[in-house]
Amino acid sequence: MWLGTQRVNARGHLEIGGCDALELAERFGTPLYVLDEDALRRRCREYRAAFETLKPDTEIVYAGKAALNRALCQIIADEGLGLDVASGGELYTALQADFPRERIHLHGVYKTETELQMALQADIGAIVIDNFEEIRRLHALAHTPTPIMLRVAPEVDAETHPLIRTGQRDSKFGFHWLNGDAYRAVESVLQTPTLMLRGFHCHIGSQISDLSAFVSAATAMVEFADTVRQRFGYIAPLLNIGGGLAVRYTPDDQPPSVQAYAQTLIGALREACEQYRYPEPALGVEPGRSLIAEAGVTLYRIGAVKQVPHEQPNLPRKYLIVDGGVSDNPRPQMYGARYTARHATRAAEPHTCTYRIMGKHCETDPIIDCAYLPETHTGDVIAVLTTGAYAYSMSSNYNRYPRPAMVAVRGGEARVIVARETYDDVLRMDR
Ligand SMILES: Cc1ncc(COP(=O)(O)O)c(C=O)c1O
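Residues numbered from 1 in each chain as written. Predicted model: local features only at pLDDT ≥ 70, side-chain atom pairs only at ≥ 80, totals over all residues. Heavy atoms only, no water.

Moving on, we come to the overall build of the protein chain. Counting its regular elements, the protein chain contains 12 helices and 21 strands. Its C-alpha atoms give the protein chain principal-axis dimensions of roughly 70 × 50 × 45 Å. Sorting the 431 residues of the protein chain into buried and exposed places 59% on the buried side. In the protein chain, once contacts between residues fewer than 6 apart in sequence are set aside, the share between residues at least 24 apart is 68%. Surface summary for the protein chain: the accessible area is close to 18000 Å², and the carbon and sulfur share equals 48%. For the protein chain, the distance from the average position of its 45 positive side-chain charges to the average position of its 53 negative side-chain charges is 2 Å. (Helix = DSSP H or I, 4+ residues; strand = E, 2+ residues; numbered from the N terminus. Buried < 20%, exposed > 50% of the residue type's maximum accessible area, 1.4 Å probe, protein only. Contact = heavy atoms within 4.5 Å. Areas by Shrake-Rupley, 256 points an atom, 1.4 Å probe, with all protein chains shown as cover. Lys, Arg positive; Asp, Glu negative; His and termini not counted. Charge placed at Lys NZ, Arg CZ, Asp CG, Glu CD.)

Printed below as a string of structure tokens:
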């Protein structure tokens, strides 16, 4: 599994963005998040080409929860995408990075008054309303016409991990339509002169490989929009179907291409519009993981190798203990997420050994339960692939570990885009 610009260089080392992985580890320390900037930019362009060729009025909005910092905001802005922010912190990051405000959407299941005020003051592209409280809060706070969307739970049960499934019947997100809430929300918004309804939004979950779930979501949204038209005469100019496309964490993962995703989604939207004789709205999509996950790699140094006496079914007995773990990537612990490792210096050698790669925290924090690698020793550097999404953004200071740095690599150059935290950073908020 070679992703983005990854390849083996003349020294037999893993190279990313023209930079030798071992040199990156030595120069910047480990653990180290490495962002393959060309891979990310290419993916942005692939998304734009796939959607805009078929449907030029598609809004592609990067879901910043996957990974966000000022440099990433600049790359995303440069590539002409919008930005979905899901908190005051993400919004603040976008504003500090001078991200074009009209392309920012604010999401969240509970936006505080302060967050809503920030969004109103910044005059962003849309606030995606999630509940009746927010309609009331915005009614009280907004004094000028404010673009909004309504998030709807489309009752689609996507096949993915339950913790990242979000569009089903018991979802906490959005207005449900089976109990009538979604219609009451539309009515309420249409009666609030300061709220300008741009359209409807849904997001059914993440790491979804089965495109039929997106077909169901698009169809359900048109059906919902059609009922709204019948009841209130409102025609939605925009339907946003959220993000969720799966990526490759292991060679077993076969996610659909962005082209197949675009064709299927646009096809489903058009078919449903025809069926309901609904004027075709603009389409919105919000990819997070599928834009950035494969562009990220985490480099770790092996601190110890040990063999445990007891064999667990299907788990290797040989452990590689690395200098990171649950604090820089909680996904294996949270979701049993699987990853693929590559040796940084013996990158071309056959993977003859199996190891369990363990973090160094005070819990059992496997990073990969069964990793195939060439023989690996203490002091070696390994790369865990596909860590661009939901790793740094979900990281913590557990065990008081400072967070690693992030470097963007491109054309043989490496630049630090997020500095490594120091012990003083860890102490900074202590009183
Ligand atoms: C509203 C919304 N949009 C987009 C996304 C991005 O999803 P993904 O990273 O799977 O593309 C999420 C993820 O949770 C989300 O909640």
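From this point on, the discussion continues.
Another aspect to go through is helix H4 (residues 88-96). Where H4 is concerned, the buried positions are Gly88, Glu90, Leu91, Ala94 and Leu95. Projection of H4 onto a plane perpendicular to its axis shows the buried side chains occupying an angular sector of 165°, all on one side. On its buried face, H4 sits against helix H3 (70-78), strand S6 (82-85), strand S7 (104-106) and helix H5 (113-122). The opening residue of H4, the one whose side-chain oxygen lies 3.3 Å from the backbone nitrogen of Gly89, is Ser87. One or two positions beyond H4, positive phi appears at Asp98, with a value near 60°. (Arc of directions from axis to C-beta. Polar contact = N/O pair within 3.5 Å; in protein donor to acceptor, adjacent residues only side chain to side chain.)

A word on the site of the ligand. Neighbouring residues of the ligand: 15 residues in total, closest Ser206, Glu286, Gly288, Arg289 and Tyr390. Within the backbone of Arg289, a nitrogen or oxygen atom sits 2.7 Å from an oxygen atom of the ligand. A distance of 2.6 Å separates an oxygen atom of the ligand from a polar side-chain atom of Tyr390. Taken together, the residues that form the shell around the ligand break down as three nonpolar, seven polar and five charged. (Near = heavy atom within 4 Å. Nonpolar A, V, L, I, M, F, W, Y, C, P; charged D, E, K, R; others polar.)

So, about the domain arrangement of the protein chain. For the protein chain, the assigned domains read domain 1 (7-36 + 293-427) and domain 2 (37-290). Spacing between the C-alpha centres of domain 1 and domain 2 amounts to 32 Å. Every contact between the two is made by 23 residues of domain 1 and, on the other side, 23 residues of domain 2. Between domain 1 and domain 2, a total of about 2200 Å² is buried, with carbon and sulfur atoms accounting for 51% of that surface. It is Glu294, Tyr390 and Arg410 that lose the most area in domain 1 upon contact with domain 2, and together they represent 27% of the buried surface on that side. Across the contact surface, domain 1 and domain 2 share five salt bridges. Between Arg338 and Asp252 there is a salt bridge; the shortest N-O distance is 3.3 Å. Linking domain 1 with domain 2 are 15 residue pairs in polar contact (both at pLDDT 80 or more). Every element with two or more residues in the side of domain 1 that touches domain 2 is listed here: strand S4 (32-36), helix H11 (331-335), strand S20 (405-410) and strand S21 (413-418). Sorting elements by how many residues they give to the side of domain 1 that touches domain 2 places S20 first, with four residues. Grouping the amino acids of the side of domain 1 that touches domain 2 by side-chain chemistry returns 13 nonpolar, four polar and six charged. (Domains from an automatic or database assignment. Buried area = accessible area lost by both parts, 1.4 Å probe. Salt bridge = Lys/Arg side-chain N within 4 Å of Asp/Glu carboxyl O.)

Our focus in this paragraph is helix H9 (residues 258-276). Between its first and last C-alpha, H9 extends 27 Å over 19 residues, near the 27 Å set by a 1.5 Å rise per residue. Within H9 the residues assigned to the buried category are Val258, Tyr261, Ala262, Leu265, Ile266, Ala268, Leu269, Ala272 and Cys273. The buried side chains of H9 occupy one side of the element, clustering within an arc of 155° when seen end-on. In H9, the exposed positions that point more than 90 degrees away from the buried face belong to Gln263, Glu271, Glu274 and Gln275. Buried-residue contacts for H9 involve helix H2 (37-54), helix H8 (212-232), strand S12 (238-240) and strand S13 (282-285). (Expected span 1.5 Å × (residues − 1).)

This part covers the packing of aromatic side chains. Across all of its chains, the model carries 11 aromatic pairs by this definition. When the centroid spacing of 5.6 Å and the interplanar angle of 80° are considered together, the rings of Phe51 and Tyr261 count as edge-to-face. Separated by 210 residues along the polypeptide, Phe51 in helix H2 and Tyr261 in helix H9 bring together distant segments of the chain. A relative accessible area of 0% places Phe51 in the buried class. According to the relative accessible area criterion, Tyr261 is buried, its value standing at 1%. Aromatic side chains Phe200 and Phe224 sit 4.9 Å apart centroid to centroid with 75° between the ring planes, which places their arrangement in the edge-to-face category. Of this pair, Phe200 sits in strand S11 (residues 195-201) while Phe224 sits in helix H8, and the two are 24 residues apart along the sequence. The class for Phe224 is buried, based on a relative accessible area of 1%. Ring-pair connections join several aromatic residues into one group, and the members of that group are Trp177, Tyr183, Phe200, Phe224 and Tyr234. Between Arg231 and the ring centre of Tyr183, over which it is positioned, the NZ or CZ distance is 4.1 Å. Its guanidinium or amino end placed over the ring of Trp2, Arg342 lies 3.6 Å from that ring's centre, counting from NZ or CZ. (Phe/Tyr/Trp six-rings, centres within 6.5 Å; stacked < 30°, edge-to-face > 60°. Lys NZ or Arg CZ within 6 Å of the ring centre and 35° of its normal.)

Moving on, we get to the packing of H2 against H3. For the pair H2 and H3, interaxial distance at closest approach is 10 Å and the crossing angle is 40°. Where H2 crosses over H3, the two elements pack in a sense that is right-handed. Here Glu37, Leu40, Arg41 and Cys44 of H2 come into contact with H3, specifically with Leu72, Ile75, Ile76 and Asp78. (Axes fitted to C-alpha atoms, helices over the stretch in contact; angles between N-to-C directions. Left-handed = near helix turned anticlockwise from the far one by under 90°.)

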